[in-house]
Amino acid sequence: MADRDGLALLDTDPAAFARRLLESRGLPARPLAPADGWSNQVWLAPAHVVRLGSGRFRDAYVHEAAVLRLLSPAIPHARVLAHGRVGRREWMIMERVAGRPLAAVWSGLGERQRRSAAAQLGAALRALHAVSLPASFGNPALDDALAPGGPARDAYHAPPAHYRTLIAAAHEVPGADRALLDEVGAFIAERLDAFAGDPAALVHVDAHFANLLWDGDRLTALLDFEGARPAAPDLELDTLLRFAREPELYRGRDGGAGPARRDLAAFPGWLTAAYPELFAHPRLPARLAVYEALWQLVQALHFPPGADPRDPWGHLKALLDAGERWAAWG
């Protein structure tokens, strides 16, 4: 398929593009059903999954494929069969793994299964954080976002040392509360020493329950490694604990059902028991508060004050008001 023809088909009929990708490789392509996704279009075939990128994040699937090649069987994941691009947009064909998103089934699980899910997630994350990384390994999309003049609004899970880039970008948001931003900058600066000497493990960064597949009594896959990068292992807690506090933020674009906060109240304790090292840093509350500030700063680049019910500006104010008490999840 020529790039020009492929891009036209991808833009006008992504299902037909996904079907053509599968059929050109002799893979079953019918029935083909859409699945929910935030930054990708996802199509489910009988034995495979086709993901279609937007082109927003440079080399996202090239990076993900490289990450998946590093993983051991101790980390449940789907294999990549093929990936490529048409123009700036990427595509990927993966094996289809049994199971449903843990977010979709959690409310129907009993306590034994929930504890087991937390234990299996802890074991998978521990194995992920032990992966040996190649020299100069990084995430190209994050590198672009943090480069001078780069799209700071894409700097999800930015390293704490780059907080000034996000503060400066947020100052340019229409209606920005600049006094609040200055306070947030000071709040982060006061806690930067909590990150001295951090190790650089392979971190997923987005391991909330919509990116975990569950089948019966087994965690069958961690999904969506596009954002994976070297970082301190406890960066995983930024997403996981936010998911436990505010699961509604992680529902798909269709706003479908997911677990309520009360259903997740015990999860952090179970994860602590499964992977205590993840919670072991003596200044963990300060670290979690900084991770939260950085996350909300990126959200503030997308949503000016009053523009979205997720209200990152309100979250930043609440964080300043609560300080490190905010990070108490027990």
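Residues numbered from 1 in each chain as written. Predicted model: local features only at pLDDT ≥ 70, side-chain atom pairs only at ≥ 80, totals over all residues. Heavy atoms only, no water.

Visitor: Explain the packing of helix 7 (residues 163–171) against helix 11 (residues 284–302) to me, and be specific about the residues and the numbers.
Guide: Following both chains from N to C, one finds helix 7 and helix 11 inclined at 30°, their axes separated by 9 Å at the closest point. With respect to each other, helix 7 and helix 11 are oriented roughly parallel. With respect to the hand of their crossing, helix 7 and helix 11 are arranged in left-handed fashion. Contact with helix 7, carried on its side by Tyr-163, Leu-166, Ile-167, Ala-169 and Ala-170, involves Leu-294, Leu-297, Val-298 and Leu-301 of helix 11 and no other residues of that element. Classifying every residue of the contact of helix 7 with helix 11 by side-chain character gives 9 nonpolar, no polar and no charged. (Axes fitted to C-alpha atoms, helices over the stretch in contact; angles between N-to-C directions. Helix = DSSP H or I, 4+ residues; strand = E, 2+ residues; numbered from the N terminus. Parallel < 35°, antiparallel > 145°, perpendicular 65-115°, else oblique. Left-handed = near helix turned anticlockwise from the far one by under 90°. Contact = heavy atoms within 4.5 Å. Nonpolar A, V, L, I, M, F, W, Y, C, P; charged D, E, K, R; others polar.)

Visitor: Which residues make up the sheet that holds strand 2 (residues 40–44), and what values do they have?
Guide: Here 5 strands make up an open sheet; going across it, the order is 1-2-3-5-4 and the pairing antiparallel. The open sheet has two free edges, formed respectively by strand 1 (33–35) and strand 4 (80–86), since each of these has just one partner strand. Each neighbouring strand pair of the sheet contributes to a mean axis angle of 20°, computed without reference to strand direction. Across 5 bridges, strand 2 lies against strand 3 (residues 48–53) in antiparallel orientation. What sits directly across from Asn-40, in strand 3, is Gly-53. Helix 2 (residues 14–23) contacts strand 2, strand 3, strand 4 and strand 5 (89–95) of the sheet and is inclined by roughly 130° relative to strand 3. (Pairing = 2+ DSSP bridges.)

Visitor: Can you tell me about the nonpolar core, naming the residues and giving the values?
Guide: Leu-102, Trp-106, Leu-166, Val-184, Phe-209, Phe-267 and Leu-297 are the most contacted members of the largest nonpolar core, which totals 94 residues. Here this core takes 12 residues from helix 11, the largest share from any one element. Not counting chain neighbours up to four residues away, the residues in contact with Trp-106 comprise Arg-114, Ala-117, Phe-209, Pro-259, Asp-263, Leu-264, Phe-267 and Trp-270. Counting 19 residues, the second largest nonpolar core, distinct from the first, contains Leu-9, Leu-21, Ala-29 and Val-86. (Core = buried A, V, L, I, M, F, W, Y, C linked by side-chain atoms within 4.5 Å. Buried < 20%, exposed > 50% of the residue type's maximum accessible area, 1.4 Å probe, protein only.)

Visitor: Hey, could you go over the pairing of strand 5 for me, with residue numbers and the actual values?
Guide: Most of strand 5 sits inside the fold, with 6 of its 7 residues counted as buried. Pairing between strand 3 and strand 5: 5 bridges, direction antiparallel. Bridge pairing in strand 5 places Val-50 opposite Ile-93. Bridge analysis of strand 4 against strand 5 gives 6 bridges, and the strand direction is antiparallel.

Visitor: Tell me about the packing of helix 9 (residues 236–245) against helix 11, residues and numbers included.
Guide: Across the interface, helix 9 lies against helix 11 with an axial gap of 10 Å and an inter-helix angle of 80°. On the basis of their axis angle, the class for helix 9 and helix 11 is roughly perpendicular. In contact with Leu-237, Asp-238, Leu-241, Arg-242 and Arg-245 of helix 9, helix 11 contributes Leu-284, Leu-288, Tyr-291, Glu-292, Trp-295 and Gln-296. Of the residues that constitute the contact of helix 9 with helix 11, the class distribution is 6 nonpolar, 1 polar and 4 charged.

Visitor: So what's going on with the pattern of salt bridges? Which residues, and what values?
Guide: If you walk through the whole model with that rule in mind, you get 23 salt bridges. Linking Arg-89 and Asp-11 is a salt bridge whose minimum nitrogen-to-oxygen distance equals 2.8 Å. Separated by 78 residues along the polypeptide, Arg-89 in strand 5 and Asp-11 in helix 1 (residues 3–12) bring together distant segments of the chain. Taking the relative accessible area as the measure of exposure, Arg-89 reaches 14% and is therefore buried. Overall, the relative accessible area of 49% leaves Asp-11 in the partly exposed class. Its salt-bridge partner being Asp-154, residue Arg-56 comes within 2.4 Å of it at the nearest N-O pair. Of this pair, Arg-56 sits in the loop between strand 3 and helix 3 (60–70) while Asp-154 sits in the loop between helix 6 (140–146) and helix 7, and the two are 98 residues apart along the sequence. By relative accessible area, Arg-56 is classed as partly exposed at 36%. Looking at Asp-154, the relative accessible area reads 10%, which means it is buried. One network of salt bridges, in which partners are shared, links Arg-58, Asp-59, Arg-85, Glu-90 and Asp-144. (Salt bridge = Lys/Arg side-chain N within 4 Å of Asp/Glu carboxyl O.)

That's the geometry; what it means functionally is another story.
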